[in-house]
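Listed below are the residues making up each chain.
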Amino acid sequence: MNAYDEYMKGIVQPMRQELVDAGFTELTTPDAVNEFMASAKGVSLVVINSVCGCAAGLARPAVRQAVEAVKPDHQATVFAGQDKDATMAMRGFFEEVPPSSPSIAVLRDGQLEYFIPRDQIEGYPVEQITEHLTGVLKQACAQ
């Protein structure tokens, strides 16, 4: 591993851990993504994590608060820009939406039900994002 990759690995570890501590399974390889998606029955919440400020100050806090209120059957995360192959594999499950990070996907039995792209995260108050995602999860989990 080169010095840059080693540096970035250390920098992003707390950003990864924030979601892992909230109950998310971190998927770092395409095989892990495919295995998760093949076995994820019911409602899954997938976060495409990122190093940007809107991930740190908005997306991750909103996601953590939303899953405290409504717990989906499965929670997973991939890290854009870090685990590129895993991120590309996950995005392959919802190719109909343009790549966006951070972003949040709600799936049912591996099929995309709802997607919150970066442009619905960046520039919005964390409370509004939390409320939006909580509402989506309540509706998805009630079905």
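Structure's up top.
Cut-offs used in this document
- Residues numbered from 1 in each chain as written.
- Predicted model: local features only at pLDDT ≥ 70, side-chain atom pairs only at ≥ 80, totals over all residues.
- Heavy atoms only, no water.
- Core = buried A, V, L, I, M, F, W, Y, C linked by side-chain atoms within 4.5 Å.
- Buried < 20%, exposed > 50% of the residue type's maximum accessible area, 1.4 Å probe, protein only.
- Helix = DSSP H or I, 4+ residues; strand = E, 2+ residues; numbered from the N terminus.
- Contact = heavy atoms within 4.5 Å.
- Pairing = 2+ DSSP bridges.
- Axes fitted to C-alpha atoms, helices over the stretch in contact; angles between N-to-C directions.
- Phe/Tyr/Trp six-rings, centres within 6.5 Å; stacked < 30°, edge-to-face > 60°.
- Polar contact = N/O pair within 3.5 Å; in protein donor to acceptor, adjacent residues only side chain to side chain.
- Expected span 1.5 Å × (residues − 1).
- Arc of directions from axis to C-beta.
- Bend = angle between axes of the 7 residues up to and from the residue.

This part is about the nonpolar core. Within the largest apolar cluster, 26 residues are counted, with the highest numbers of intra-cluster contacts made by Phe24, Leu45, Val63, Val106 and Leu133. Among the elements of the structure, β2 (43–49), α3 (53–69), β4 (103–108) and α5 (126–142) are those that each provide at least two residues to this core. In terms of residues, this core owes the most to one element, α3, which gives 8 residues. Beyond its immediate stretch of four places on either side in the chain, Val63 contacts Leu19, Phe24, Leu45, Val47, Ile104 and Leu133. Formed by 17 residues, the second largest nonpolar core is a distinct cluster that contains Met37, Ala89, Met90 and Ala105.

Now for the sheet that holds strand β5 (residues 111–116). Judged by pairing direction, the sheet is mixed, and its 5 strands sit side by side in the order β1-β3-β2-β4-β5 without closing on themselves. A strand with exactly one partner marks an edge of an open sheet, and here the two such strands are β1 (25–26) and β5. Of the strand pairs in this sheet, β2 and β4 are connected by 6 bridges, and their pairing is antiparallel. Note that in β4 the partner of Leu45 across the bridge is Val106. Those strands touched by α3 are β2, β3 (74–79) and β4, and its axis lies near 165 degrees from that of β2. Packed onto the sheet, α5 meets β2, β4 and β5 and runs at close to 10 degrees relative to β4.

Moving on to the side chain of Arg16. Note on placement: Arg16 falls in helix α1 (residues 3–20). Apart from residues lying up to four places away in sequence, Arg16 is in contact with Glu26, Thr28, Asn49, Phe79, Gln82 and Asp83.

A few words on the packing of aromatic side chains. We describe a pair of aromatic rings using the distance from one ring centre to the other and the angle between the two ring planes. For the structure shown, the criterion picks out 1 aromatic pair. Taking the centre distance of 5.5 Å and the plane angle of 50 degrees together, the rings of Phe94 and Phe115 count as tilted. A residue pair is termed long-range when its members are at least 10 positions apart, and Phe94 in the loop between α4 (84–91) and β4 and Phe115 in strand β5 qualify at 21 residues. Taking the relative accessible area as the measure of exposure, Phe94 reaches 2% and is therefore buried. Among the residues examined, Phe115 registers a relative accessible area of 14% and is labelled buried.

Note that Thr130 resides in helix α5. A sequence separation of 38 residues divides Thr130 from Gly92, and the C-alpha atoms of the two residues are 26 Å apart. Those residues in contact with Thr130 that sit more than four places away from it in its chain are Ala62, Gln65 and Ala66. At 2.8 Å, the side chain of Thr130 and the backbone oxygen of Val126 are in polar contact.

All right, on to α5 then. Over its 17 residues, α5 extends 24 Å from the first C-alpha to the last, a length consistent with the 24 Å expected when each residue adds 1.5 Å. Taken residue by residue, α5 has Val126, Ile129, Thr130, Leu133, Thr134, Val136, Leu137 and Ala140 as its buried positions. Relative to the axis of α5, the buried residues are bounded by an arc of 165 degrees and lie together on one face. Of the exposed residues in α5, the ones pointing more than 90 degrees away from its buried face are Glu127, Glu131, Lys138, Gln139 and Ala142. Buried residues belonging to α5 abut β2, α3, β4 and β5.

So, on to α1. The terminal C-alpha atoms of α1, which comprises 18 residues, lie 25 Å apart, in line with the 26 Å expected from a rise of 1.5 Å per residue. At Val12, α1 shows its strongest bend, of approximately 40 degrees, with the proline Pro14 following within four residues. Buried residues of α1: Met8, Val12, Met15, Arg16 and Leu19, and no others. Against β1, β2, α3 and β3 lie the buried residues of α1.

Everything listed here is a matter of coordinates, which is why it stays silent on function.
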